[in-house]
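Summary of structural features
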Amino acid sequence: MGSYLKEFSEVKAKNSSEEVLQRWRKACWLVKNHKRRFRFTANLSKRFEVREIQKSNQEKLRVAVLVSQAALSFIQGISYTPPDEVKAAGFGICADELGTIVEGHNLRKLKVHGGIEGISDKLSTSITNGIEISDESLTRRTQTYGINKFTESPSKGFWLFVWEALQDTTLMILAVCAFVSLIVGIATEGWPKGAHDGLGIVASILLVVFVTATSDYKQSLQFKDLDKEKKKITVQVTRNGYRQKISIFDLLSGDIVHLGIGDQVPADGLFVSGYSLLINESSLTGESEPINVSAENPFLLSGTKVQDGSCKMLVTTVGMRTQWGKLMATLCEGGDDETPLQVKLNGVATIIGKIGLFFAVITFAVLVQGLFSKKISDGSSWAWSADEALEMLEYFAIAVTIVVVAVPEGLPLAVTLSLAFAMKKMMNDKALVRHLAACETMGSATTICSDKTGTLTTNHMSVVKTCICGEVKEVSSGMKGSDFCSDSVAKMVTKSIFNNTGGDIVVAKNNKIEILGTPTETALLEFGLLLGGDFRAVREESKIVKVEPFNSEKKRMGVVLELPGEELFQAHCKGASEIILAACDRTLNSDGEVVPLDAKSVKYLEDTIEQFANEALRTLCLAYKDIEGDFSVGNPVPFEGYTLIGIVGIKDPVRPGVKESVAICRSAGIMVRMVTGDNINTAKAIARECGILTDDGIAIEGPEFRLKTDEELQKLIPKLQVMARSSPMDKHTLVRHLRTTFGEVVAVTGDGTNDAPALHEADIGLAMGIAGTEVAKESADVIILDDNFSTIVTVAKWGRSVYVNIQKFVQFQLTVNVVALIVNFSSACLTGSAPLTAVQLLWVNMIMDTLGALALATEPPNDDLMKRTPVGRKGNFISNAMWRNIMGQSVYQFVIIWYLQTSGKVAFNLSGDDSSLILNTIIFNSFVFCQVFNEVSSREMEKINVLKGILENYVFVIVLSCTVFFQVIIIEFLGTFANTHPLTLQQWAVCILLGFIGMPIAAAVKMIPVGSR
């Protein structure tokens, strides 16, 4: 089958080209219902619209900058008067004017309004304390400037799904057949007898439509809930004088927002203050070159990303008044890329549909030929009665219904159903799936490259050991600064910690002190407070003139301070211990005096760093340097000739349950590798504690890894378990080699902006929900909401569950397809009649399509899934075991149906006018019960025990119970419409027994050995 699925095998789990996506759509020509089949696929025309908007934005910004620069000399004579309603609300500038300033990069108008200070006054806000919020002011502000939400297309109601379900071409043809049948039947036999056949088809169509619409509507609600979760972004603002976190949707014009590396700019605004701010505008304009934002170019646009630096911004324009809002309104209609399984099953459905169409045409031709032969033998070839016309119509309806059954529309839709179910459940397990395909791909993962900090460890850090002035001391909560060193040294330590930080110490509600920042920054700031330092007082003693934020490449952060006096400058640096120590040539002694750093002292400090690392502590060095002469802000922070202040050891305990989760991965055939920026000894200690580093495993540092040749990497990577001091590009290189050279399916975790390339390169990118930046989350396929490695294992388990569930459903549906096709075709050819009528086939179609998908595609995962080896990149979806089960069950069912057709009257001792109708009812009933028990057998493809845990899946039990209940109703009470006859208890028992025998047959077939592929 692989050669016939070429167009359907080109789609990747991520980053597929639009040409490939377009190609498989064209190849998928035999579709019963376009609206339903392609509902959960990418809207390529909307994506084209987004690109056009981005190009337009890029051109607008370019023109705006040029015009703004040219117009600066013509400021005189420009005035602005706010509208009366804006004045009445207590503001001095309207939303449109703010939009023209920021979106138009209009420095001229900004100057006219008094710069940043003038705009903040007109917005009734404070640059230091933010806006004062009360119910009345909130209402006035939102009415004047709007809310920070973009217009979304209204969600579809239930009746729209009913309408879409009615778009099925085959159902439309059947509806026409039913209409003709009604007219001819009533004209010849009168009401109500002549209407029975037509009404039966109409009722079946309506039942199929409503069950389908209900299933689709529930799916859409699940996706809607997940979309809401994806859009949840929190930002830090200053309101009412204190810092707090709020939802991006609660932002108002006038808010003061604090941004750091990796954050998304939440609204249009103006730069108030900050350092080294680089903004990536590619999401808005398509332009990848970052923009330097400063007091000279203060414009920040919504939807752009902070690539480097940090800042405080004043929000001016929100929601649909921004270009990002307009772009998102279009982008949200672009849809998610279809998954490889969806596309492959669309291909399978197309191939089977072609076979079914061929069989339907042949069946119709054979039935019509039989009718013509009978009329020719009777000598009445030109005289047609109404009954014969109805018979011809019934033949056509049967042929159309064979197409209904043969085109397994439910195959690709079962993928969506299973993925929607799994995504909803994973959300409860703290994993937010951003892309459908990730759910599916995670089940095939063979390697997980995990961060250490926050994923394998708790991310609750504290300084537990220090080496200051050459003395190693343990830290406890009751200690003071004097317990560590002299007052002058303690002052230098707090000066370095409080100035050279990306964190902050603020007063929150109820005057409580709150420490903000990354866990590492928080640990250092807590230590600074323990030493008796006053954060605000220390910050006010000097002025920060230059900041170089922590960088994963350089492994350090630096600041330059302007000290009180005549242009005295001092640089402070902190980062990876061995890197900072190498830049130091002096140190502080116990009296606070600067002394040379000799070889003996360096050896002692290196041994101390190694000792801390071997105790699984994260080590950081603090150092400073006095800068002689003037310092220009344009110059980099110097990095040589430093004086060592001290070394701190930070404890970050391993998360509970990580060791067990790593062991589960190993038993599941998934290799776990640690990729961290930490010291190699710290990394090895944590890796051993987690069970990642084994006796035969290799640990290597990033700089050494970079120097390896391709031949050396070929030997190294299979045994590589820990990479320390790695850069983001080291991680990217490792992932690329694993995927391309070794054919692994790779999952990668990441939290920083620099992790984005590796997350993008990996088969599954896993971003951290707590520690992760918005840039990392946007590049990821799954967001781990609790930053826990155990959750990644849960995602892998759910991924395998999705894969296996869809395999079960495909096995079940293909069996029904094969049997229904062969039975009706062979019967038409050999006996001149079809045992299953149009109404009965529609009921069978619903059992195998919507109900079958509900029952089998929603099985929850079990622990046995993690005892199998992963499918990997080259595994066949329809495995040999599936073909074996399909063929075994099909042969049994066909033999049973054929036996009943040829010898059923004798076996059941049937005679009289109703004997054929009763026999056809028995055949129909036996066929349905074969599917009921086959559904149970399909719960396991390899194991004999298929009843284990069946009662835990309430959906399966309900679907099976409903199928049996409605089957009884159809046979016993709806015979007039469904062409059935009530059966005796003995006949019921035989039908159920024939269906049940399929279970031991299925168990016996599973014992036949087949290859793994």
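These numbers come from a predicted model, not from an experiment.

**Looking at the overall build of the protein chain**
- The secondary structure content of the protein chain amounts to 36 helices and 26 strands.
- Considering only contacts within the protein chain whose residues lie at least 6 apart along the sequence, 74% involve residues at least 24 apart.
- Working note: accessible area of the protein chain is about 42400 Å², and carbon and sulfur atoms make up 57% of it.

**Here we look at the side chain of Thr447**
- Following the sequence through the fold, Thr447 ends up in strand 9 (residues 447-450).
- One polar contact links Thr447 to Glu744, side chain to side chain, over a distance of 3.3 Å.

**As for the environment of Lys354**
- With respect to the helices and strands, the residue Lys354 is situated in helix 14 (residues 340-378).
- Counting along the chain gives 49 residues from Lys354 to Val403, while the straight-line C-alpha distance between them is 8.9 Å.

**Quick word on the sheet that holds strand 21 (residues 671-675)**
- Pairing is mixed across the open sheet formed by 8 strands, whose spatial order is 8-26-25-24-9-21-23-22. Looking at strand neighbours, the two that pair on one side only are strand 8 (431-433) and strand 22 (698-701), the edges of this open sheet. Within the sheet, the average angular offset between the axes of one strand and its neighbour, ignoring direction, is 20°.

**Some thoughts on the environment of Asp487**
- Its place among the elements puts Asp487 in helix 18 (residues 487-499).
- The exposure class assigned to Asp487 is exposed, which follows from its relative accessible area of 61%.
- Separated by 45 residues in the primary sequence, Asp487 and Gly532 have C-alpha atoms spaced 10.0 Å apart.

**As for the state of the cysteines**
- Going through the model one piece at a time under the given rule, you end up with 0 disulfides.
- Free of any disulfide, Cys467 has its nearest cysteine sulfur in Cys621, 8.6 Å distant.
- Overall, Cys467 belongs to the buried group, its relative accessible area being 2%.

**Points about the packing of aromatic side chains**
- Within this structure, the stated rule accounts for 16 aromatic pairs.
- Judged by centre distance (6.0 Å) and plane angle (70°), the ring pair of Phe421 and Trp798 falls under edge-to-face. Residue Phe421 is found in helix 16 (residues 410-428), and its partner Trp798 is found in helix 30 (residues 789-831); the two are separated by 377 residues along the sequence.
- What makes Trp798 buried here is its relative accessible area of 7%.
- Taken together, the ring pairs connect Phe158, Trp159, Phe161, Phe210 and Tyr217 into an aromatic cluster.
- If you follow Arg556 out to its NZ or CZ, it ends over the ring of Phe639, 3.7 Å from the centre.
- Its guanidinium or amino end placed over the ring of Phe956, Arg939 lies 5.6 Å from that ring's centre, counting from NZ or CZ.

**A word on the pairing of strand 16 (residues 568-576)**
- In terms of residue burial, strand 16 counts as a mostly covered element, since 8 of its 9 residues are buried.
- Strand direction decides the pairing type here: strand 15 (residues 556-563) and strand 16, joined by 8 bridges, are antiparallel. Following the sheet pairing, Val560 is matched in strand 16 by Ala571.

**A look at the pairing of strand 23 (residues 720-724)**
- Of all 5 residues that make up strand 23, 5 are buried, and the element is covered over most of its length.
- Relative to strand 23, strand 21 runs parallel, the two sharing 2 bridges. When the sheet's bridge partners are listed, Met674 is paired in strand 23 with Val722.
- Across 4 bridges, strand 22 lies against strand 23 in parallel orientation. Across the sheet, residue Glu701 finds its bridge partner in strand 23, namely Ala724.

**Description of the packing of helix 31 (residues 838-856) against helix 33 (residues 915-937)**
- With their axes 11 Å apart at the nearest point, helix 31 and helix 33 run at an angle of 10° to one another. Taken together, the axes of helix 31 and helix 33 are roughly parallel relative to one another. Here helix 31 contributes Gln840, Trp843, Val844, Ile847, Leu851, Gly852, Ala855 and Leu856 to the contact with helix 33, which in turn contributes Phe924, Phe927, Val928 and Glu935.
- Residues belonging to the contact of helix 31 with helix 33 are distributed by class as follows: 9 nonpolar, 2 polar and 1 charged.

**Things to note about the nonpolar core**
- Ranked by size, the top nonpolar core spans 145 residues in total, and within it Leu174, Met442, Ile764, Val782, Phe789 and Val810 carry the most contacts.
- Among the elements that line this core, the one with the most residues is helix 30, at 19 residues.
- With residues near it in sequence (within four places) discarded, Met442 still touches Ile448, Ala747, Ile764, Leu766, Ile792, Val795, Ala796 and Gly799.
- Residues Met479, Phe484, Cys485 and Leu525 belong to the second largest nonpolar core, which totals 29 residues.

**Quick look at the pattern of salt bridges**
- By the definition in use, this model includes 24 salt bridges.
- A salt bridge links Asp863 to Lys797; the shortest N-O distance between them is 3.0 Å. Note that Asp863 is positioned in the loop between helix 31 and helix 32 (880-907) and Lys797 in helix 30, a separation of 66 residues in sequence.
- Note on Asp863: relative accessible area 54%, which makes it exposed.
- You can call Lys797 partly exposed: its relative accessible area is 22%.
- Its salt-bridge partner being Lys867, residue Asp864 comes within 3.6 Å of it at the nearest N-O pair.
- Overall, the relative accessible area of 60% leaves Lys867 in the exposed class.
- The network of salt bridges with shared partners includes Asp864, Lys867, Lys943 and Lys948.

**Brief notes about unusual backbone geometry**
- The residue His105 is not glycine, and still its phi comes out positive at about 50°.
- With respect to the element layout, His105 can be found in the loop between helix 5 (95-102) and helix 6 (107-112).

**So, a nonpolar patch on the surface**
- On the surface, Val176, Phe179, Val180 and Ile183 cluster together into a nonpolar patch covering about 360 Å² of accessible area.
- You can see Phe179 is positioned in helix 10 (residues 169-189).
- The exposure class assigned to Phe179 is exposed, which follows from its relative accessible area of 52%.

**Description of the environment of Gly533**
- Examined against the element boundaries, Gly533 turns out to sit in the loop between helix 19 (519-530) and helix 20 (535-541).
- Judged by its relative accessible area of 17%, Gly533 is buried.
- Remark: the alpha-carbon pair of Gly533 and Lys495, spanning 38 residues in sequence, is separated by 8.3 Å.
- Filtering out sequence-adjacent residues up to four positions away, Gly533 remains in contact with Thr494, Phe498 and Gly528.

**Observations regarding helix 22 (residues 599-614)**
- Taking 1.5 Å per residue as the helical rise, helix 22 with its 16 residues ought to reach 22 Å, and the 22 Å between its terminal C-alpha atoms agrees with that figure.
- Looking at helix 22, one finds that the buried residues are Leu605, Thr608, Ile609, Phe612 and Ala613. Viewed along the axis of helix 22, the buried residues span an arc of 135°, placing them on a single side of the element. Exposed residues pointing more than 90 degrees away from the buried face of helix 22 are listed as Ala599 and Lys600.

**Things to note about the packing of helix 18 against helix 19**
- Where helix 18 contacts helix 19, the axes come no closer than 9 Å and their chain directions differ by 145°. The interaxial crossing formed by helix 18 with helix 19 has left-handed handedness. Every residue of helix 19 that contacts helix 18 at Val493, Thr494, Ile497 and Phe498 is listed here: Leu524, Leu525, Phe527, Gly528 and Leu529.

**A short note on the confidence of the model for the protein chain**
- Averaged over the protein chain, the pLDDT score is 82; the fraction of residues at 70 or greater is 87%.
- Residue range residues 72-77 is modelled with pLDDT below 50. Its contacts to residues more than four positions away, or to other chains, number 6 contacts.

**As for the side chain of Ser727**
- For Ser727, the location among the structural elements is in the loop between strand 23 and helix 27 (728-740).
- Note on Ser727: relative accessible area 5%, which makes it buried.
- Apart from residues lying up to four places away in sequence, Ser727 is in contact with Ser552, Glu553, Lys555 and Arg706.

Quick notes on the rules
Residues numbered from 1 in each chain as written. Predicted model: local features only at pLDDT ≥ 70, side-chain atom pairs only at ≥ 80, totals over all residues. Heavy atoms only, no water. Helix = DSSP H or I, 4+ residues; strand = E, 2+ residues; numbered from the N terminus. Contact = heavy atoms within 4.5 Å. Areas by Shrake-Rupley, 256 points an atom, 1.4 Å probe, with all protein chains shown as cover. Polar contact = N/O pair within 3.5 Å; in protein donor to acceptor, adjacent residues only side chain to side chain. Pairing = 2+ DSSP bridges. Axes fitted to C-alpha atoms, helices over the stretch in contact; angles between N-to-C directions. Buried < 20%, exposed > 50% of the residue type's maximum accessible area, 1.4 Å probe, protein only. Disulfide = S-S within 2.5 Å. Phe/Tyr/Trp six-rings, centres within 6.5 Å; stacked < 30°, edge-to-face > 60°. Lys NZ or Arg CZ within 6 Å of the ring centre and 35° of its normal. Parallel < 35°, antiparallel > 145°, perpendicular 65-115°, else oblique. Nonpolar A, V, L, I, M, F, W, Y, C, P; charged D, E, K, R; others polar. Core = buried A, V, L, I, M, F, W, Y, C linked by side-chain atoms within 4.5 Å. Salt bridge = Lys/Arg side-chain N within 4 Å of Asp/Glu carboxyl O. Patch = residues over 30% accessible without salt bridge, like charges linked within 9 Å, V, L, I, M, F, W, Y side chains within 5 Å. Expected span 1.5 Å × (residues − 1). Arc of directions from axis to C-beta. Left-handed = near helix turned anticlockwise from the far one by under 90°. pLDDT = per-residue confidence, 0-100.

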